[in-house]
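Descriptive structure summary
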Amino acid sequence: MPQGPSFALKVVACGPGRTGEAVVATMELELRQLDCKYAALRIAAPLGPLLASLAAIGQQVPVLVAGGAANGDGAVLVDGFRRKTALVQLKRDTVRATRLDIDESEALVLRHKLGAANRPSALEDGWLLVELLEHHDLTQRELGLRLQRSASWVNGRLGLVRE
């Protein structure tokens, strides 16, 4: 499969003391290679306009994956769940993806910060916080720092989704 260029990216947006070099690569992956374990962190939205656009002009924006080697093994989808679903419905086999060579928790935080145009709902914020707390061993304080949010914001979002 053809691959786009790789380049070094200084990751500075994920919180205090979290800088370093990460390899970013854009590539074609087979849809079946994507691990979609974080799909439940987003609310499903209608695919109509997206399906029409993908059918007419193809995929314009790559999905975002974390981890995985250049061959795509272990590529965890962190952004682009609707694009992936639409491509499956269109019976496509591949997806253009940008791979971040950072751990999943950092990729999820980065996706949240970069998602200003497609702002997650308060429930989606809460689901993300629970995921990072329970499966990535982050504390509420660390979450507030990484997401540049107050302790009150973190507690409020968690209160929406916890029983």
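A brief structural summary. In this text the structure is predicted, and so the values were computed from the model without any measurement. (Residues numbered from 1 in each chain as written. Predicted model: local features only at pLDDT ≥ 70, side-chain atom pairs only at ≥ 80, totals over all residues. Heavy atoms only, no water.)

Topic: unusual backbone geometry
Within the chain, lysine 91 stands out as a residue other than glycine whose phi angle is a positive 60°. Mapped onto the elements of the fold, lysine 91 is located in the loop between helix H2 (81-89) and strand E5 (94-100). Judged by relative accessible area, lysine 91 falls into the exposed class, the value being 72%. We note that aspartate 137 has phi near 55°; this positive angle belongs to a residue other than glycine. Relative to the helices and strands, aspartate 137 resides in the loop between helix H4 (122-135) and helix H5 (140-147). (Helix = DSSP H or I, 4+ residues; strand = E, 2+ residues; numbered from the N terminus. Buried < 20%, exposed > 50% of the residue type's maximum accessible area, 1.4 Å probe, protein only.)

A word on the pattern of salt bridges
Scanning the model with the defined rule gives six salt bridges in all. A salt bridge links glutamate 30 to arginine 32; the nearest nitrogen and oxygen atoms lie 2.8 Å apart. For glutamate 30, a relative accessible area of 26% gives the class partly exposed. Among the residues examined, arginine 32 registers a relative accessible area of 68% and is labelled exposed. Between glutamate 106 and arginine 146 there is a salt bridge, with its nearest N and O atoms 2.8 Å apart. One end of the pair, glutamate 106, is in helix H3 (residues 104-114); the other, arginine 146, is in helix H5, with 40 residues separating them in the sequence. A single burial state applies to glutamate 106 and to arginine 146, both of which are buried. (Salt bridge = Lys/Arg side-chain N within 4 Å of Asp/Glu carboxyl O.)

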